[in-house]
Amino acid sequence: MVSETLALGRSSNAVRRIDPLLWAALLCWWGLVALMTGLPDKQIGFAAPRFVNETHAFFIALASLLTVLVLAASAAPHLKLWQPLKTSARWLVVLALLLGIWEYVTAKQALLPAPFFAPPRALLEAYATDWPRLLDSVLNSLRLLAIGFAFGSVVGFITGVAIGWSRGLGYWVHPVLRFLGPVPSTALLPLSLYFFPSSFSAAVFLIALATWFPVTVLTWSGVASVDNRYYDVARTLGANALFLVLRVAVPAALPHLFVGLFMGLGASFSVLVAAEMMGVKSGLGWYLQWAQGWAAYANMYAALIVMALLCSSLITLLFIVRDRTLAWQRNAVKW
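Read on for an overview of the structure. (Residues numbered from 1 in each chain as written. Predicted model: local features only at pLDDT ≥ 70, side-chain atom pairs only at ≥ 80, totals over all residues. Heavy atoms only, no water.)

1. Some words on the packing of aromatic side chains
Summed over all chains, the structure comprises seven aromatic pairs. Aromatic side chains Trp286 and Trp290 sit 6.4 Å apart centroid to centroid with 20° between the ring planes, which places their arrangement in the stacked category. Here Trp286 and its partner Trp290 are both found in helix α12 (residues 284-293), four residues apart, which amounts to about one turn of the helix. Aromatic pair Tyr287 and Trp290: ring centres 5.3 Å apart, planes at 45°, arrangement tilted. In this pair, Tyr287 and Trp290 are both assigned in helix α12, three residues apart and thus about one turn of the helix distant. (Phe/Tyr/Trp six-rings, centres within 6.5 Å; stacked < 30°, edge-to-face > 60°. Helix = DSSP H or I, 4+ residues; strand = E, 2+ residues; numbered from the N terminus.)

2. Here we look at unusual backbone geometry
Residue Phe51 is not a glycine yet carries a positive backbone phi of 60°. If you check the backbone angles, Ala295 has positive phi at about 60° while not being a glycine. Tracing the backbone through its elements, the reader meets Ala295 in the loop between α12 and α13 (297-325).

3. Some details on the environment of Met300
Relative to the assigned elements, Met300 resides in helix α13. The spatial distance from the C-alpha of Met300 to the C-alpha of Trp290 is 8.5 Å, given a sequence separation of 10 residues. In this view, Met300 contacts Leu288, Ala291 and Gln292; residues no more than four positions away in its chain are not counted. (Contact = heavy atoms within 4.5 Å.)

4. Section: helix α2 (residues 20-38)
Across its 19 residues, α2 extends 26 Å between first and last C-alpha, which sits within 8% of the 27 Å expected from 1.5 Å per residue. Residues Leu22, Ala25, Leu26, Trp29, Leu32, Val33 and Met36 constitute the buried set of α2. Buried residues of α2, viewed axially, fall in a sector of 120°; they line one side. Of the exposed residues in α2, those oriented more than 90 degrees away from the buried face are Pro20, Leu27 and Gly38. As for α2, its buried residues are in contact with α3 (52-75), α4 (82-87), α5 (89-108) and α6 (120-165). (Expected span 1.5 Å × (residues − 1). Buried < 20%, exposed > 50% of the residue type's maximum accessible area, 1.4 Å probe, protein only. Arc of directions from axis to C-beta.)

Below is the structure:
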(Lines give C-alpha, C1' and ligand atoms only; values in the text may rest on other atoms or scores of the structure.)
Protein backbone atom coordinates (compact mmCIF):
# COMPACT_ATOMS: atom_id res chain seq x y z
CA MET A 1 0.00 0.00 0.00
CA VAL A 2 2.82 2.36 0.91
CA SER A 3 4.68 1.58 -2.32
CA GLU A 4 1.55 2.24 -4.37
CA THR A 5 1.07 5.57 -2.60
CA LEU A 6 4.68 6.55 -3.30
CA ALA A 7 4.31 5.58 -6.96
CA LEU A 8 1.15 7.67 -7.27
CA GLY A 9 2.94 10.56 -5.61
CA ARG A 10 5.85 10.32 -8.02
CA SER A 11 3.52 10.20 -11.03
CA SER A 12 1.56 13.22 -9.80
CA ASN A 13 4.80 15.13 -9.26
CA ALA A 14 5.87 14.22 -12.80
CA VAL A 15 2.60 15.54 -14.17
CA ARG A 16 3.01 18.79 -12.23
CA ARG A 17 6.55 19.19 -13.63
CA ILE A 18 5.35 19.18 -17.27
CA ASP A 19 6.10 22.45 -19.02
CA PRO A 20 2.93 24.48 -19.78
CA LEU A 21 3.86 24.59 -23.46
CA LEU A 22 4.05 20.81 -23.53
CA TRP A 23 0.64 20.67 -21.88
CA ALA A 24 -0.61 22.94 -24.66
CA ALA A 25 0.98 20.68 -27.27
CA LEU A 26 -0.73 17.61 -25.81
CA LEU A 27 -4.08 19.38 -25.71
CA CYS A 28 -3.68 20.55 -29.32
CA TRP A 29 -2.77 17.10 -30.62
CA TRP A 30 -5.61 15.37 -28.79
CA GLY A 31 -7.91 18.18 -29.95
CA LEU A 32 -6.81 17.42 -33.50
CA VAL A 33 -7.68 13.76 -32.95
CA ALA A 34 -11.10 14.76 -31.56
CA LEU A 35 -11.71 16.98 -34.60
CA MET A 36 -10.82 14.21 -37.03
CA THR A 37 -12.81 11.46 -35.35
CA GLY A 38 -15.72 13.42 -33.87
CA LEU A 39 -16.75 15.82 -36.64
CA PRO A 40 -18.21 14.08 -39.72
CA ASP A 41 -16.67 14.65 -43.13
CA LYS A 42 -18.52 16.57 -45.80
CA GLN A 43 -19.31 14.36 -48.75
CA ILE A 44 -17.66 15.44 -52.00
CA GLY A 45 -18.57 13.61 -55.20
CA PHE A 46 -20.00 10.11 -55.39
CA ALA A 47 -17.05 7.99 -54.24
CA ALA A 48 -16.54 7.41 -50.52
CA PRO A 49 -13.23 8.77 -49.19
CA ARG A 50 -10.46 6.23 -48.66
CA PHE A 51 -8.00 5.74 -45.80
CA VAL A 52 -10.15 7.66 -43.31
CA ASN A 53 -9.78 5.11 -40.50
CA GLU A 54 -6.07 4.65 -41.26
CA THR A 55 -5.56 8.41 -41.01
CA HIS A 56 -7.39 8.53 -37.68
CA ALA A 57 -5.30 5.64 -36.34
CA PHE A 58 -2.10 7.34 -37.52
CA PHE A 59 -2.83 10.61 -35.71
CA ILE A 60 -4.03 8.78 -32.57
CA ALA A 61 -0.70 6.95 -32.57
CA LEU A 62 1.19 10.26 -32.94
CA ALA A 63 -0.73 11.87 -30.08
CA SER A 64 -0.23 8.80 -27.89
CA LEU A 65 3.51 8.72 -28.66
CA LEU A 66 3.84 12.39 -27.78
CA THR A 67 1.99 11.80 -24.51
CA VAL A 68 4.27 8.91 -23.58
CA LEU A 69 7.41 10.90 -24.42
CA VAL A 70 6.29 13.93 -22.42
CA LEU A 71 5.38 11.84 -19.36
CA ALA A 72 8.63 9.86 -19.58
CA ALA A 73 10.72 13.00 -19.93
CA SER A 74 8.91 14.65 -17.00
CA ALA A 75 9.30 11.59 -14.79
CA ALA A 76 13.03 11.41 -15.55
CA PRO A 77 14.33 14.93 -16.32
CA HIS A 78 17.90 13.63 -16.55
CA LEU A 79 17.05 11.80 -19.77
CA LYS A 80 17.98 13.41 -23.09
CA LEU A 81 14.30 13.58 -24.08
CA TRP A 82 13.45 16.58 -21.96
CA GLN A 83 15.41 19.35 -23.67
CA PRO A 84 14.42 18.46 -27.27
CA LEU A 85 10.76 18.25 -26.28
CA LYS A 86 10.90 21.56 -24.44
CA THR A 87 12.70 23.23 -27.35
CA SER A 88 10.20 21.97 -29.94
CA ALA A 89 7.07 22.60 -27.83
CA ARG A 90 6.07 25.73 -29.75
CA TRP A 91 6.47 23.97 -33.07
CA LEU A 92 4.37 21.05 -31.81
CA VAL A 93 1.57 23.44 -30.91
CA VAL A 94 1.73 25.28 -34.24
CA LEU A 95 1.91 22.05 -36.25
CA ALA A 96 -1.19 20.63 -34.53
CA LEU A 97 -3.10 23.88 -35.10
CA LEU A 98 -2.13 24.00 -38.78
CA LEU A 99 -3.15 20.38 -39.29
CA GLY A 100 -6.44 21.07 -37.54
CA ILE A 101 -7.17 24.08 -39.77
CA TRP A 102 -6.19 22.05 -42.84
CA GLU A 103 -8.50 19.18 -41.84
CA TYR A 104 -11.39 21.54 -41.03
CA VAL A 105 -11.35 23.59 -44.24
CA THR A 106 -10.88 20.56 -46.52
CA ALA A 107 -12.40 17.33 -45.18
CA LYS A 108 -14.93 18.75 -42.70
CA GLN A 109 -16.27 21.84 -44.50
CA ALA A 110 -14.92 21.59 -48.09
CA LEU A 111 -14.26 25.33 -48.13
CA LEU A 112 -11.41 24.91 -50.61
CA PRO A 113 -12.01 23.53 -54.11
CA ALA A 114 -11.21 19.89 -54.74
CA PRO A 115 -9.01 18.30 -56.00
CA PHE A 116 -6.60 21.23 -55.76
CA PHE A 117 -6.67 21.19 -51.97
CA ALA A 118 -6.71 17.66 -50.59
CA PRO A 119 -7.27 16.72 -46.91
CA PRO A 120 -4.52 15.08 -44.84
CA ARG A 121 -5.89 11.59 -45.51
CA ALA A 122 -5.21 12.12 -49.23
CA LEU A 123 -1.49 12.38 -48.44
CA LEU A 124 -1.61 9.12 -46.54
CA GLU A 125 -3.40 7.55 -49.49
CA ALA A 126 -0.73 8.85 -51.88
CA TYR A 127 2.08 7.39 -49.78
CA ALA A 128 0.28 4.07 -49.29
CA THR A 129 -0.71 3.51 -52.91
CA ASP A 130 2.12 5.12 -54.89
CA TRP A 131 5.18 4.55 -52.71
CA PRO A 132 7.08 2.40 -55.31
CA ARG A 133 7.04 5.19 -57.91
CA LEU A 134 7.82 7.83 -55.30
CA LEU A 135 10.69 5.80 -53.83
CA ASP A 136 12.15 5.22 -57.29
CA SER A 137 11.96 8.96 -57.95
CA VAL A 138 13.74 9.73 -54.67
CA LEU A 139 16.55 7.28 -55.44
CA ASN A 140 17.06 8.67 -58.93
CA SER A 141 17.05 12.24 -57.64
CA LEU A 142 19.61 11.36 -54.99
CA ARG A 143 21.86 9.73 -57.60
CA LEU A 144 21.65 12.75 -59.90
CA LEU A 145 22.16 15.19 -57.03
CA ALA A 146 25.15 13.27 -55.64
CA ILE A 147 26.96 13.16 -58.99
CA GLY A 148 26.34 16.81 -59.84
CA PHE A 149 27.07 18.10 -56.33
CA ALA A 150 30.29 16.08 -56.11
CA PHE A 151 31.57 17.36 -59.46
CA GLY A 152 30.63 20.95 -58.67
CA SER A 153 32.15 20.83 -55.18
CA VAL A 154 35.47 19.34 -56.30
CA VAL A 155 35.88 21.69 -59.26
CA GLY A 156 34.72 24.67 -57.20
CA PHE A 157 37.16 23.85 -54.40
CA ILE A 158 40.11 23.51 -56.81
CA THR A 159 39.14 26.71 -58.63
CA GLY A 160 38.69 28.67 -55.41
CA VAL A 161 42.04 27.56 -53.98
CA ALA A 162 43.78 28.31 -57.29
CA ILE A 163 42.48 31.86 -57.73
CA GLY A 164 42.82 32.61 -54.03
CA TRP A 165 46.49 31.61 -54.13
CA SER A 166 47.54 32.82 -57.59
CA ARG A 167 46.85 36.40 -58.62
CA GLY A 168 47.81 35.61 -62.21
CA LEU A 169 45.22 32.87 -62.47
CA GLY A 170 42.67 35.01 -60.70
CA TYR A 171 43.14 37.70 -63.37
CA TRP A 172 41.68 35.31 -65.97
CA VAL A 173 39.08 33.52 -63.84
CA HIS A 174 37.49 36.54 -62.10
CA PRO A 175 35.78 37.82 -65.30
CA VAL A 176 34.36 34.34 -65.89
CA LEU A 177 32.95 34.30 -62.36
CA ARG A 178 31.41 37.73 -62.83
CA PHE A 179 29.90 36.67 -66.15
CA LEU A 180 28.56 33.20 -65.27
CA GLY A 181 27.87 33.67 -61.56
CA PRO A 182 24.73 35.86 -61.76
CA VAL A 183 23.20 33.72 -64.54
CA PRO A 184 20.78 31.09 -63.13
CA SER A 185 21.80 27.60 -64.11
CA THR A 186 18.28 26.81 -65.25
CA ALA A 187 18.60 29.54 -67.90
CA LEU A 188 21.24 27.38 -69.59
CA LEU A 189 18.94 24.37 -69.81
CA PRO A 190 18.27 24.65 -73.58
CA LEU A 191 21.99 24.96 -74.35
CA SER A 192 22.92 22.06 -72.09
CA LEU A 193 20.32 19.82 -73.74
CA TYR A 194 21.89 20.69 -77.11
CA PHE A 195 25.55 20.21 -76.19
CA PHE A 196 25.25 17.13 -73.96
CA PRO A 197 24.36 13.70 -75.34
CA SER A 198 21.59 12.93 -72.83
CA SER A 199 19.24 14.72 -70.49
CA PHE A 200 20.93 13.03 -67.53
CA SER A 201 24.38 14.42 -68.39
CA ALA A 202 22.83 17.84 -69.05
CA ALA A 203 21.18 17.77 -65.61
CA VAL A 204 24.48 16.75 -64.00
CA PHE A 205 26.19 19.71 -65.67
CA LEU A 206 23.55 22.18 -64.48
CA ILE A 207 23.68 20.90 -60.89
CA ALA A 208 27.48 21.00 -60.94
CA LEU A 209 27.41 24.56 -62.30
CA ALA A 210 24.97 25.68 -59.59
CA THR A 211 27.26 24.17 -56.93
CA TRP A 212 30.50 25.37 -58.51
CA PHE A 213 29.88 29.12 -58.22
CA PRO A 214 29.23 29.48 -54.43
CA VAL A 215 31.91 26.91 -53.55
CA THR A 216 34.44 28.73 -55.74
CA VAL A 217 33.65 32.19 -54.38
CA LEU A 218 33.62 31.16 -50.72
CA THR A 219 36.80 29.05 -51.02
CA TRP A 220 38.54 31.91 -52.82
CA SER A 221 37.45 34.29 -50.05
CA GLY A 222 38.72 31.90 -47.38
CA VAL A 223 42.13 31.43 -48.99
CA ALA A 224 42.55 35.13 -49.74
CA SER A 225 41.69 36.13 -46.16
CA VAL A 226 44.33 33.92 -44.49
CA ASP A 227 46.64 35.98 -42.29
CA ASN A 228 50.02 36.48 -44.00
CA ARG A 229 51.77 35.87 -40.67
CA TYR A 230 50.82 32.21 -40.91
CA TYR A 231 52.71 31.97 -44.18
CA ASP A 232 55.71 33.84 -42.76
CA VAL A 233 55.96 31.47 -39.79
CA ALA A 234 55.71 28.43 -42.06
CA ARG A 235 58.35 29.81 -44.44
CA THR A 236 60.79 30.39 -41.59
CA LEU A 237 60.40 26.69 -40.75
CA GLY A 238 61.29 25.71 -44.31
CA ALA A 239 57.84 25.20 -45.83
CA ASN A 240 57.55 25.18 -49.62
CA ALA A 241 54.65 26.51 -51.70
CA LEU A 242 52.79 23.18 -51.80
CA PHE A 243 52.98 22.90 -48.00
CA LEU A 244 51.66 26.46 -47.63
CA VAL A 245 48.66 25.67 -49.82
CA LEU A 246 47.75 22.27 -48.39
CA ARG A 247 48.66 22.74 -44.72
CA VAL A 248 48.08 26.46 -44.15
CA ALA A 249 45.70 27.99 -46.72
CA VAL A 250 43.25 25.10 -47.12
CA PRO A 251 42.69 24.35 -43.39
CA ALA A 252 42.22 28.04 -42.66
CA ALA A 253 39.68 28.32 -45.49
CA LEU A 254 37.59 25.28 -44.46
CA PRO A 255 34.92 27.28 -42.57
CA HIS A 256 34.31 29.36 -45.70
CA LEU A 257 34.29 26.18 -47.81
CA PHE A 258 31.47 24.67 -45.75
CA VAL A 259 29.44 27.87 -46.10
CA GLY A 260 29.91 27.53 -49.86
CA LEU A 261 28.86 23.86 -49.73
CA PHE A 262 25.74 24.83 -47.80
CA MET A 263 24.81 27.47 -50.37
CA GLY A 264 25.69 25.13 -53.23
CA LEU A 265 23.49 22.36 -51.82
CA GLY A 266 20.45 24.64 -51.74
CA ALA A 267 21.12 25.91 -55.25
CA SER A 268 21.74 22.43 -56.65
CA PHE A 269 18.51 21.12 -55.14
CA SER A 270 16.54 23.86 -56.87
CA VAL A 271 18.25 23.15 -60.18
CA LEU A 272 17.67 19.43 -59.69
CA VAL A 273 13.90 19.84 -59.68
CA ALA A 274 13.90 22.10 -62.73
CA ALA A 275 16.28 19.84 -64.67
CA GLU A 276 14.23 16.72 -63.91
CA MET A 277 11.16 18.33 -65.42
CA MET A 278 12.88 18.30 -68.82
CA GLY A 279 13.56 14.93 -70.35
CA VAL A 280 14.41 12.55 -67.50
CA LYS A 281 12.22 9.49 -66.92
CA SER A 282 12.32 9.41 -63.13
CA GLY A 283 13.00 11.79 -60.26
CA LEU A 284 11.16 14.12 -57.92
CA GLY A 285 10.93 16.87 -60.53
CA TRP A 286 9.54 14.37 -63.03
CA TYR A 287 7.13 13.06 -60.38
CA LEU A 288 5.80 16.58 -59.73
CA GLN A 289 5.18 17.11 -63.43
CA TRP A 290 3.55 13.69 -63.76
CA ALA A 291 1.24 14.31 -60.78
CA GLN A 292 0.27 17.72 -62.08
CA GLY A 293 -0.48 16.31 -65.53
CA TRP A 294 -2.85 13.72 -64.06
CA ALA A 295 -4.40 16.24 -61.63
CA ALA A 296 -3.14 14.06 -58.76
CA TYR A 297 -2.55 17.02 -56.48
CA ALA A 298 -2.37 14.89 -53.34
CA ASN A 299 0.58 13.03 -54.89
CA MET A 300 2.15 16.37 -55.79
CA TYR A 301 1.87 17.59 -52.20
CA ALA A 302 3.26 14.28 -50.96
CA ALA A 303 6.29 14.69 -53.23
CA LEU A 304 6.81 18.27 -52.04
CA ILE A 305 6.87 17.08 -48.42
CA VAL A 306 9.39 14.37 -49.34
CA MET A 307 11.55 16.97 -51.09
CA ALA A 308 11.49 19.26 -48.06
CA LEU A 309 12.43 16.42 -45.70
CA LEU A 310 15.16 15.23 -48.07
CA CYS A 311 16.72 18.67 -48.42
CA SER A 312 16.56 19.27 -44.67
CA SER A 313 18.16 15.88 -43.98
CA LEU A 314 21.01 16.57 -46.41
CA ILE A 315 21.67 19.95 -44.80
CA THR A 316 21.68 18.32 -41.36
CA LEU A 317 24.16 15.72 -42.64
CA LEU A 318 26.36 18.52 -43.99
CA PHE A 319 26.28 20.21 -40.58
CA ILE A 320 27.34 16.97 -38.89
CA VAL A 321 30.27 16.59 -41.29
CA ARG A 322 31.21 20.23 -40.71
CA ASP A 323 31.15 19.87 -36.91
CA ARG A 324 33.37 16.79 -37.05
CA THR A 325 35.76 18.24 -39.62
CA LEU A 326 36.05 21.64 -37.94
CA ALA A 327 36.21 20.42 -34.36
CA TRP A 328 39.51 22.30 -34.02
CA GLN A 329 37.88 25.49 -35.41
CA ARG A 330 34.63 25.29 -33.51
CA ASN A 331 34.31 29.04 -32.91
CA ALA A 332 35.83 30.26 -36.17
CA VAL A 333 32.55 30.63 -38.08
CA LYS A 334 29.06 30.47 -36.55
CA TRP A 335 26.17 29.63 -38.86
